Structure formats: C-alpha cells, structure tokens
Amino acid sequence: MSVMFFDFPVSAPESYTPIDAKWHGKSSLLAVASQERRQGLPNGSVSLYTHDGEHLPESTIQRAAKPTVIQWHPTLKLLATGWESGELILWNEVTHMAYECKRMHENVACLEWSFDGSRLFSADDEGIMCIWRISKTGKATLTYDLKIDSGFTHCVAIDAGREDTSMVILGTYEKSVILADATASSSHLFTVSDKIFDITYDTDSGALKDNYEFKMSGKLFSCIEWAGPGVLVAATSENQLRIWCSDEGDTYSLSLSSERGEFIPSDIIQAISYNRANRILAATSRNGMVFMWKFQGDSFTDADSWRFLTPIELKSSLVSCHWGQNDLLLVRNETDTVSILREHIMRKHFSHNTAVVQVSSTRFVVEMHNRDSHDVDVDFTIKGLCTDGSCICVWSGQDIAVFELVKDGEVIRNAGHFKCATSVCALQGGSIFTAENNKIHIRTHQGTSKQVISLPENNNVTLLHCNGLFIAAATDTGTLGVWDLSRHEARLVSVRNRLVQQITPFHVDNVKEIAVNCSGTYVSFIATVDGNTDGSIWVWMVESDAIISQAFGVGGRFPISCQWDNVDDRLLVCETHILSSEDASPNPEVTAIFMTPESGMVVHHTMPTTPHEVGPLLGVQVPWLFFALRGKTDDGHTIKSVPMRDFIGLENADQDTKKAMLEFSYQLTVGNLDAAFKSVRAIDNSSVWENMARMCVTNKRVDVAAVCMGKLGNAASARVLREASNERELEPKVAALAIQLGMYEQAESIFKDAGRYDLLNRLYQDLGRWDDAVRIALDNDRMNLRNTYYRYAKHLEALGNLPEAIKHYELSETHTFEVPRLLFAEPAQLEEYIKKSRNKSLLKWWAQYLESTQEFEEARKYYAAADDALSLVRVYCYCEEINKARDLVKSSHSKAAAFHLAKTLEDMGEFEEAVQLFSQAESFNNAIRLAKEHGLKQQMLSLALKSTKGDMLSAAEYYESQGAYDKAVMLYHKAGRVSKALEISFQYNLFQPLAEITQSLSEDTDPELLEKASNFFLNNRQYEKAVNLMIVASRFHEALDLISKHNIFLTEEWAERMTYTKGEVDKKVRNALLTRIADICFAQGSHQLATRKFTQAGQYVNAMKSLLKCGDTNRIIFFANKCRQKEVYVLAANYLQSLNWRRDPEIMKHIISFYTKGRALDSLASFYEACAGVEIDDYQNYEKALGALNEALRSMSRAKMKDLDLQEQRVASLQQRIELIRRFVAAKQIAQEDPQEMMTQCQQLLQEREIDQAVRVGDIYGVIVEHLASQEKYSEAYDSMQDLRKRIPNVNVAYYVNMRVIEAVHNALNIPLGQGQGPVVGPDEDDIGEEIEGQE
C-alpha cells in the first residue's frame, strides 16, 4: 500500500474567517479562532474540531470581540482563550464549561501555560503580566501580577532546570528579553538590536546557557523552528530553507529549485513545522504548496540526509502550519480555510487496462492505458474505490457513488449514488458487491439489492476482490470464499474456514489483502502475524483445497500487494518492500510468479521498480505492468506502464504472438523445453526469437539460446556461443550470450556475481569504458593490469593522443620498445623523451643507435648514463683506448667488460693480464687454457678450484704429469674422482690429503676403497680414523672390536650411525648390535647413551640400571611408568627409597605405586614398616604407625615369597607389633576416662618381653610420668623416671618426658634439676657425615 498526505478541510462556519489554530499536545483536538467576515462586526468565536475536521457543535465560544490568542493546557483538555476586549476565558472540553477570569487586561496579547500546567501567564501590550493558578476543572485564581513600562510582544514557557518549572521568557516592544517566574519576580536577560520577530525555546536544551548570536544572509525571517538540540530551521521568505547547527557552527540550505528541477517564483516559503516523531519537516508557500523533507540521517550537519517528499497542492497562500498528534499537519491559508493533512492510504485499483487512483481525500483519477485521464471529485471522503474496466465505484463507508465510462472511455458520467453502510465494495458488470457485516449484498448501480450472500455469524466480511466472472471474499475470522458470477445469481464455488489457524504455527491476526485469478482456481492473500506483515505470499488452491506459499522474508523483504493477470490465470505479480528500517529506502521490487499444477508457485523473475521512477503496483495485463505515479506528469498522466521483462520489444505484437510468448515463458520457467519450443514453433518473427534469446539470459539457458540464435540466422553470435562452451562455468557462457544480444548491463552483472573480473575487464575494454577497465584491473584483476594499460595505450595511440599513450605504455612497462617505435620518425622528440626518462634500457638503445651512425663520443655519454660498462669497453677497445678500458673494468667490476677486455689483451699477447681478467670475469676455462698454454702453473690451481669439474680434471692431469701429486690429489678429490685421489695418496703415502678425503667418504663409496683406507689407517696406528671408516663401510662389529681392544671412546655420533633403523635388518641382529653398543657405553661411563641403546634393544632392566647410575629421579620415574615391567618398577622403587622420601610425599607415593605394580609386596611391607618406624622415632605418632603396620601386614599377607617360613615369621612379628601398639594407643585414649586402667595397661606393656620391637619403653614411661605429675604424685613420678634410667642406662629422660613436667617434679621434691636427667650427649659422627654429604 502507498501512503500519501491527503487534505481534510475543517468545516468552519461560512461567515467566519480563521485567524489562528492550535493542536492539543496530547490528543487529536483542534482549536480554531475565527472572526466575523462582515466589516464593522467585531464578533469572534473559538471552535473545536476532530482529527477529520468535523466540527464539535457543543464546543464553541462566541464573544462580541475578536479572539487574539488561544493556548491548550499541556495535558488536560483545557483551552485558554484571550480576546481583544481583554477577556480571558477557559474552556473545559470534558465538562463543556466555560470559566471567565477576572478582567485584568485591555487587550490580551500573550497567553502561555507553564511546563507543568499549574500556572497560566497572560500579558498585554500595556505592560501588564498576570499569573493565574488554574484548577483541574478550569477555574482561575489570580496569584501575582507584574507591571513594566513597555508592552509585551511574546511569551514562551521554559524549563530552567529547577524544581519549579513555572517560568517564562517575555519579549517587549523595547527589544528586551525578560525572565519571570510564578511569583512575578523578573530579571532582564538581554536586549536585541532589532524588533523581536519571534522567541522559540528548544525543549531539548535543558537549562538556559550562554546565548549564541549569528546572522543569516538573505531576507527577513518569516518563521523559525527547532529541528533538534541546537539545530534551527529558518524560513526567510525565499524558495529555500536555512538550517543552522549551533554546536558545529555549520549552515546549509534546502532549496526547492534543486528538488523540483526548476525555479518557480511563487515557491516562497512562509511557514515551517518539524515533527520530531516522524522526522518530517513541513513548509508552506505563497502559491498554496506544502513541501516536506524527511530526515534520514544521524547528524543534522549532513545536508544529504534530507529526502524530499512529494509536494501537496492546496489553494491560496498558506500562512501557517503545525504538527499535531498522530502525525496530523494543520495548514491555514490567508483567506478562509484551515486544512488537516493526514497520512492516508492511497486507494487504487486496476482492471482491464483501466486504473483508478485516489489523489486526495475527495478526488480520484480514472485513466485508461494510452488514453486521456479524468479527474473526478465526490462530496465525501473516499475510503475505497474499484473498477471493472467500464465502471468505477467509490465509497466512504456511508455513501457509494458509481461512474460509467462511455464513448470508449472518452467521457465519464455519474451512474448512481446511494447510501450504504459498507466497509468494502467490489464491481463486476452491472453489479456492485457490498460487504455489510456477515453478508454480501449484490446491488444495482442505484443501490437496489438483487441477491444476498450470507456467511456464518461472527464472520464479518473485510475484503472483496473481483476478477473476470469470479469474486473472492475474506472475513475477520480467516474464512475465504469464492463465488461464480457467470450465471444470473452468484454460485458458491468453495469456502475455506478457519484459515488463520492452518497456515502457520504463529498467531495470525487477519488476512490483509486478497486477490482471485480470472478462472477462480487460485486465491492469493497476504496475512499479518502478531501485528506484523508476514514475509510470504499465500495462495489457496481452490480445486484441491490446499494452501501453498512463497517466502520473501529473507533480508527483511515483505509482500505489499498481489495482482493476477486479467486473462491468464497462471500469472501472479507481487510487489515487495524492505521494512527493516523506518528511514531506510523500501527498495521496492516486483516479482512475477507462475502457478503450476506440479511445482506450485515458481518464481519467473524479479525486477526493481526504482529505475522506472514509479509508485505502487496497480495491476498486470500481459505484456504490461501498471504502476501509479507519485504525482501527475506534464501531459497529465497518473499511471505508467512498464513492459514485462520477456516482452520488451514486443509491446505492439498481436495477441497470438503475446500468447505464444507467455506460454514460452511459462514452459521455460517450469523446465519443459520441448513444450516451450512447441509453443513458438510457428512464429516467424525475428523480434520474438531475439526476445526469447534475451529470456534465456535471465534463465541461464544457453542451450535454448543456441536454437534462438540459429533461428535469427546470426552466425557470428552462434560462433561466439560455441567458443564460450569451452568455459567450464555456466556464467561466462550466459554473459557471452548477453553481450551478443547487446545486454551489456546484464553481462556486467553476471561477470561480477561470478567473480570473473578478467572477462569483465575485457568487456569494459570492448565497450570503450577504459576508466572502468583500469579500475577493475587495479582492484580485482591485477594479473591483467599491465595488459589493460597496454591495450589502453594502443587505443590512445589510434586516437592520436600520444602523451596519454606514452603514459600508459610506461604503466604497462612496455615503453622501452613501444615509445621508440612510436617516436622513431621524430628523432629530436625521441631524444628529448629519453633524456627526461633516464631509463637505462632507453639510454642504451639510443647509444646503440648513435654507435651505429659512428657517433662514438655521443654514444659513450649515453652508455655511461645507462651504466653499460660492456658497451663502453667495447667502444674503447674499438678505438684502441686500452688504458681507459682497463680503468673502467677496475671501477665497474663488470664481468662482461672484463671478459671483453681479456679477449682483446689475449689477441694483443698480454697473456698474464688476460688470465687475470678471465678469472675476474669468472671465465675460468679460458684462464686455465691460457695458463696451460703459456706455463703459468702458480695461477692454475686457484683457477681450477673455482672452475668446473672438467677444468679441475684437466688441471689435475697436468699437475700429475708434472709430479705435483698433492695438488693433483686435491683437484681429483674436488672433481669427484675419489678413487684416483686415494690411489695416488696410497702410492705416495700422502697422509694429510688422505685424511681430508676420508672425511668426505660415505656409505655410497666403493667398499673396497673404504676397506683399503681403513686398513691403511690401522696399519699406521690411527685407530679413530680406522673406526670411522669401518663405520662408514657398515663394518660395525669390527669397529666395536677395535674400540674395545684399544679403549677408544665410543661417541654418541658413532653409536647413532651404527644403529640400524627398524626394519632395516633382522630384529635379533639389530638388538644384538644395540646391546653390544650399550655394554661398551656402560663400561665407559656413558650411562645416558647406554640407557638409550638398552631401551632400543628392548632390555629395559639394563636400561633402568644404567639410568640409576645417572641419578636423574624424574627420568627414572618417567621411564618406570613407560616400561611397565615388574623388575623395572622394583629397581625404581629401591632407588627412590634411597632418597629422602620422608620429606617428599610424591616420592613416597611413587615408591608405594612402583612396589605395588612390581608385585614386590614383601618389599612394600618393609617400606611400610620403615614408615611406621619414622612415625614412632621422629613424631611419636603411634596412630599413624599403627596404620602403616596394618598396611605392611596386608601386603605381607598377600606376598608370594619363596621362603614360606620366613613369610610366616614376618607376618607373626607384624601381628605381634600391631597388637602391642594397639594396646598402647588404647591405653593413651582412656587416660582421661579411666586413668587407673591406663596405668595398669602401661605396667603390663612394660612386662612384655619384646615390647622394644613395637613400642619404645621411654614412651610408656613418659605417659606414666606425665599422668602422675598431673595428679601431683611427684614422688611416684620421680620413681618412674628412676625406673626408666635403670632400664635404659644413659637415657635422656627429656627425650620422652616433657621438660616442663620434669621441672615440676624436681621443683616439687626439691631435687636439683641437673640430677637424674642422664648424660649430655653430643651429635653423632655419622650424623655429621650425613650433614656434610647433604651440603655437598
């Protein structure tokens, strides 16, 4: 649906002229102040109106005076009116009561409510201001008044950022601006230099701040308005608006001339108003036009953020405009009219080449295709309209008017007008269908009912649509129905009940729009879900009673309307918009859909409507799509017809051709190629075949296009298609077809979508769009960038634009040969270009040209500029300037120059210098040749070593013949003749060269040579070199024998080289060799290397033994966990037990874990016994010791020792120790509860024979002594200590008894503390040794 602003005139009394009008701030109530038109009568009135402009008769105030000012309360429906007589009257719209205030003024000039509505400020031109307290009913009480010398001109309420918002700013005739509050306290703000035109307050600015002062060039202000915080819009009686952004200090203008495309002198803007809700700026002009701009940006500083809307034409000069609630715009002219502009859905309908479009609230336009249009006015507000091609029906909800087209549409006449309360109508033939609740009345043009179609109760009809001889209806409950109109009475075809619950699992509100095809077999509809338009078009297949859909919701696109063709019942056209953002462009598109019995809905094509500059879709009638325009064209048309994609060029074809083309489109869309060709086989029209080929571009049917091109007889195009068939991708083939058909934009789009920028580049070149070609090459086709520059240069050269051609030859990096070719006929110009370019290739080319003309001096200059030393030396030698050539070779270090000079010197007999220069030029074969020929032996060796192998062999043979065997061996070796080098070394006992040779020997060397070399070293007692060669020869056991015999250290490198890779030899052979290597390493102290080799041999126990020698605890733990062998676990546990496991819980865990995994439960039991001993000796913790012994007993019981007697003895010993410790622990636990029993148990324990094996005697005495001391039985405690000393001579009692207890006993018995404690024992020597070892 298309939304436009329509005007609704306010029905003011004919004898009154409106002078002011104001909207209520919270509701759609309009107050209009008027005065009597007849001269001499001062009568005036203030009336209220609805948002439709309907007058409220009970809401009128009349006085024998002219109203001067009106002002609505901020929230309440309370209107303050000021009169020329000085009266101040308040009208309460709720109670319809008028309240007069005490007369304080001669003439009320200003009225303003405070921000909170608690106070009303009134002022006059005599300088009196009054403050009134207003009740909610409208009664006024004067609270304060203020008198100044100058009269008031303006009064504006402000929010000063205080709790009391009852403050106003007043303007005076003396050009002063005053701030006043509710107590009549005032202060002078500032004075302006000119008469105050207007005062406006920005509600978003908050508290008052420092003022800005600026001047806009142009005429005087006619109106100013705030558009945003600090953004002021001003009308200056021009055809443009000025916008000033105070924060940024920027100004710009919105010009009508640029928006309308022409300058119209009467487009003088007089009033403006900005709606912050919908962001629309409205402006009215002298010639009765209303202009609008919609702001669609984020910052007001951007002039491009304003989008110009379609202007609205009213009458007379418009002097004011104001936005109200619900986006209502109030407009008043200078004579007698107040109009309300309201966004209204533009009603439209199309049928059989006839379009009906609403253009205002009471006017519509009828236009037939390619014929004149008719403007028709009705005397009611249009709510809907429809046509059947010959008649037009218009209704308001209460009235229906029918018009008839006669004389082939040239004349329109009234065919009927009657009253009928209906929400929607439809028209077919001579019948009007009116929806009245749950009934559809079929009426004549005069309103007589011919038939009534009844639907179930509570199924109110909301939508009707006629097409041909069928009508479809939809109800508010989601029921759809189709009736056949081919007979005298309408006959029901089918009804679909409860539709909204069946099409989607979401909550469907209602059916928004319906349309039936011309055969009554399909009904399309648009639905709303949860208040929002659903993103699919739905079709009810009447015959099968099934519902199918086509989704458009991807990317925020939704259907707006749907239209069926009037002739073909398969063609459905939908208009879709993007509704994702209010300010974003809707990007309208039209999608053509074919209905198929097999596949349902199949999309034929989609096209954007923006390029056609059209409005909403009206309808479809092959081959045209009809759209409404957003205003009349210069020739008076309001609709525009756009040919369908497949009918471009066939608009004027006969009906048979159109029908055949439509059938071809349908069959091609559904993929039925045979039927498609069959439908057009009889057509002999080149335009048709060309158009079908165009269709193939869209459908990407290159195979069909080949047939079409064959029918056209276009051999060149057919050849291009055959060549394009070599492409593997489809898109290049389709694009080639598009190019042959002149569809360059489509080809461009295809290449872009396929990412074939190379072909797009070539297309731009062929079309002469060189800038685009260069841009594509730079951004997306860098591979062809130089080629693009080159072809562009060729194009420019053909055009004669030589400077640009040279520039692009340079960019293509072909200027070194293209520019000389281009300028060869102009030597002077070419030389000038070469000088400026400083390109070495060009400089060299020019020098060669000069040399060819015998201009040697000039040639030398350009050779020098090109840094071409070879050419310079060649010229010097040609001119017999050898010294200059020598100097240049030395300074330039050019090999080519040195070679040329060497050849020249050779010819001159300067052989030594020639050899040197040949060497400098790295032409060593020539240098060696000269050295041999002329006996230069000293230089030959260094030359041969730098040269090729062939030169080395030649020099070696020469040295061998001369008896220089060491040099000959070196060269033979370097040249790869190792056997020859060894032969000479053996023959002449050359040890040093032989040693150097053997270092480079590998397993690929001849075994006989290796054996011979090793024997040579062995005989000469150089065992390490002999071992190395044996290893190279893979004589590993011999090497190991030699290592063992002569105690040669086995390095890690040798060990690795003697290690076979897995699978290289038999596993046993490999393991035996690894074992032998590991044994030698172990014997030599290389324990880590031994560990590795034992591991590789699979001897993990030996590997662990080697690793234990290393003492690396972390590696030992890791290795044990990795090997998972019992013996390894036990070895690792034994090693860990030798460490300080008492202070490292992790080591203790590993010991327990390893003994357990190694099934060494007897060893584990011993470890637990050791743990128990530590708990007793170090910490006296018998509870933990008891736990450890229990674990030891459990382990020992499960152990499988070979000596069963020993195992039984150990088990019995553990059980006895556990029992004794248990008794001791139990005795300690009952010390508090039963001390006597505790003493008895301790005495019994002391009588046990083997008590020392389980419990320390001192600990038992310690418990006894401490208990007796706590009972103050000091004498008995002392006796117990003495018994301890007798039982354990030289005992240190303080080791078992707390020192404080000992002191207490001695003090109680007066016995000196030094007696009876035992000897003072110094540190044990073993302990000292352990400490020293620990420090080490």
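This one's a predicted model, so the numbers in the text were calculated from it and none came from an experiment.

A. Main features of the overall build of the protein chain. Of the regular secondary structure elements, the protein chain holds 44 helices and 57 strands. Within the protein chain, the proportion of its 1336 residues that are buried is 49%. Put simply, 43% of the contacts in the protein chain that link residues at least 6 apart link residues at least 24 apart. By element, 46% of the accessible surface of the protein chain is carried by carbon and sulfur atoms, the whole surface being about 65700 Å².

B. Highlighting the packing of helix H37 (residues 1161–1179) against helix H38 (residues 1182–1198). At their nearest, the axes of H37 and H38 sit 8 Å apart, and the two run at 170° to each other. Relative to H38, H37 is oriented roughly antiparallel. Each of Leu1161, Asp1162, Leu1164, Ala1165, Tyr1168, Glu1169, Cys1171, Ala1172, Glu1175 and Ile1176 in H37 lies in contact with H38, whose residues at this interface are Tyr1182, Lys1184, Ala1185, Ala1188, Leu1189, Glu1191, Ala1192, Ser1195, Met1196 and Arg1198. Grouping the amino acids of the contact of H37 with H38 by side-chain chemistry returns 13 nonpolar, one polar and six charged.

C. Focus on the sheet that holds strand E39 (residues 431–436). Strand order in the open sheet made by the four strands is E38-E39-E40-E41, with antiparallel pairing throughout. The open sheet has two edge strands with one neighbour each: strand E38 (424–428) and strand E41 (449–454). The average angle at which neighbouring strand axes cross in this sheet is 20°, direction not considered. As defined by bridge partners, strand E40 (residues 439–443) adjoins E41 across five bridges and the pair is classed as antiparallel. Bridge assignment links Lys439 to a residue of E41, and that residue is Ser454.

D. Seen up close, helix H41 (residues 1257–1270). The terminal C-alpha atoms of H41, which comprises 14 residues, lie 20 Å apart, in line with the 20 Å expected from a rise of 1.5 Å per residue. When you tally the buried positions in H41, you get twelve out of 14 residues, the bulk of the element. Turning to H41, its buried residues are Val1257, Gly1258, Asp1259, Ile1260, Tyr1261, Gly1262, Val1263, Ile1264, Val1265, His1267, Leu1268 and Ala1269. For H41, the secondary structure elements touched by its buried residues are H37, H38, helix H39 (1204–1229), helix H40 (1235–1247), helix H42 (1274–1287) and helix H43 (1299–1309). Following H41 by one or two positions, Glu1272 has its phi on the positive side, about 65°.

E. Summary view of the state of the cysteines. The final tally for this structure, using the stated rule, is zero disulfides. The cysteine Cys562 is free of any disulfide, with Cys574 supplying the nearest cysteine sulfur at 5.6 Å. According to the relative accessible area criterion, Cys562 is buried, its value standing at 1%.

F. Here's a closer look at helix H13 (residues 815–823). Every buried residue belonging to H13 is among His815, Glu818, Val819, Pro820, Leu822 and Leu823, and all of these are buried. Residues of H13 that are buried make contact with helix H11 (785–799), helix H12 (802–811), helix H14 (827–837) and helix H15 (840–852).

G. Inspection of the side chain of Ser1086 at higher detail. The topology assignment puts Ser1086 in the loop between helix H31 (1067–1083) and helix H32 (1087–1096). Note on Ser1086: relative accessible area 15%, which makes it buried. Not counting chain neighbours up to four residues away, the residues in contact with Ser1086 comprise Phe1049 and Cys1081.

H. View of the confidence of the model for the protein chain. Considering every residue of the protein chain, the mean pLDDT works out to 81; 85% of them sit at 70 or more. Note that residues 1315–1336 has pLDDT below 50 and, in this model, 15 contacts with residues that lie over four places away or in other chains.

I. Unusual backbone geometry, seen in detail. Val622 connects to Pro623 through a cis peptide bond whose omega is 15°. Here Pro623 is to be found in the loop between strand E55 (617–621) and strand E56 (624–628). The phi dihedral of Ser237 falls on the positive side, at around 55°, and the residue is not glycine. Of note, the phi angle at Asn458 is positive, near 65°, even though the residue is not glycine. Here Asn458 lies in the loop between E41 and strand E42 (461–467).

J. Structural view of the sheet that holds strand E18 (residues 223–228). The antiparallel open sheet is built from four strands, whose spatial order is E18-E19-E20-E21. Edge strands, defined here as strands with exactly one partner in the open sheet, are E18 and strand E21 (250–255). Within this sheet the neighbouring strands show an average axis-to-axis angle of 25°, counted without direction. Examined bridge by bridge, E18 and strand E19 (residues 231–235) share five bridges and lie antiparallel to one another. If you follow Glu225 over to E19, its bridge partner there is Val233.

K. Layout of the pairing of strand E32 (residues 363–368). Buried residues dominate E32, accounting for five of its six residues. Hairpin geometry of strand E31 (residues 354–358) and E32 is characterised by an intervening segment of four residues between the two adjacent antiparallel strands. Judged from the five bridges that link them, E32 and strand E33 (residues 373–377) form a sheet pairing that is antiparallel. Residue pairing in the sheet places Val366 in a bridge with His374 of E33.

L. Just the packing of H13 against H14, in detail. Packing of H13 against H14 leaves a shortest axis separation of 9 Å and a crossing angle of 155°. As judged from the angle between their axes, H13 and H14 are roughly antiparallel. Together, His815, Val819, Pro820 and Leu823 of H13 and Pro827, Gln829, Leu830 and Tyr833 of H14 make up the contact between the two elements. Taken together, the residues of the contact of H13 with H14 break down into six nonpolar, two polar and no charged.

M. Representation of a positive patch on the surface in the model. Where like charges cluster on the molecular surface, the positive patch consists of Lys1126, Arg1159, Arg1198 and Lys1200. Structurally, the position occupied by Lys1200 is in the loop between H38 and H39. Judged by relative accessible area, which is 83%, Lys1200 ranks as exposed.

N. Expanded view of the pattern of salt bridges. The full count for this structure, using the stated rule, is 41 salt bridges. Its salt-bridge partner being Arg496, residue Asp545 comes within 3.2 Å of it at the nearest N-O pair. Pair noted here: Asp545 is in the loop between strand E49 (536–541) and strand E50 (546–551) and Arg496 is in strand E45 (residues 491–496), with a separation of 49 residues, a long-range link. Residue classification places Arg496 among the buried positions, given a relative accessible area of 12%.

Conventions we followed
- Residues numbered from 1 in each chain as written.
- Predicted model: local features only at pLDDT ≥ 70, side-chain atom pairs only at ≥ 80, totals over all residues.
- Heavy atoms only, no water.
- Helix = DSSP H or I, 4+ residues; strand = E, 2+ residues; numbered from the N terminus.
- Buried < 20%, exposed > 50% of the residue type's maximum accessible area, 1.4 Å probe, protein only.
- Contact = heavy atoms within 4.5 Å.
- Areas by Shrake-Rupley, 256 points an atom, 1.4 Å probe, with all protein chains shown as cover.
- Axes fitted to C-alpha atoms, helices over the stretch in contact; angles between N-to-C directions.
- Parallel < 35°, antiparallel > 145°, perpendicular 65-115°, else oblique.
- Nonpolar A, V, L, I, M, F, W, Y, C, P; charged D, E, K, R; others polar.
- Pairing = 2+ DSSP bridges.
- Expected span 1.5 Å × (residues − 1).
- Disulfide = S-S within 2.5 Å.
- pLDDT = per-residue confidence, 0-100.
- Patch = residues over 30% accessible without salt bridge, like charges linked within 9 Å, V, L, I, M, F, W, Y side chains within 5 Å.
- Salt bridge = Lys/Arg side-chain N within 4 Å of Asp/Glu carboxyl O.
- Lys, Arg positive; Asp, Glu negative; His and termini not counted.
- Charge placed at Lys NZ, Arg CZ, Asp CG, Glu CD.

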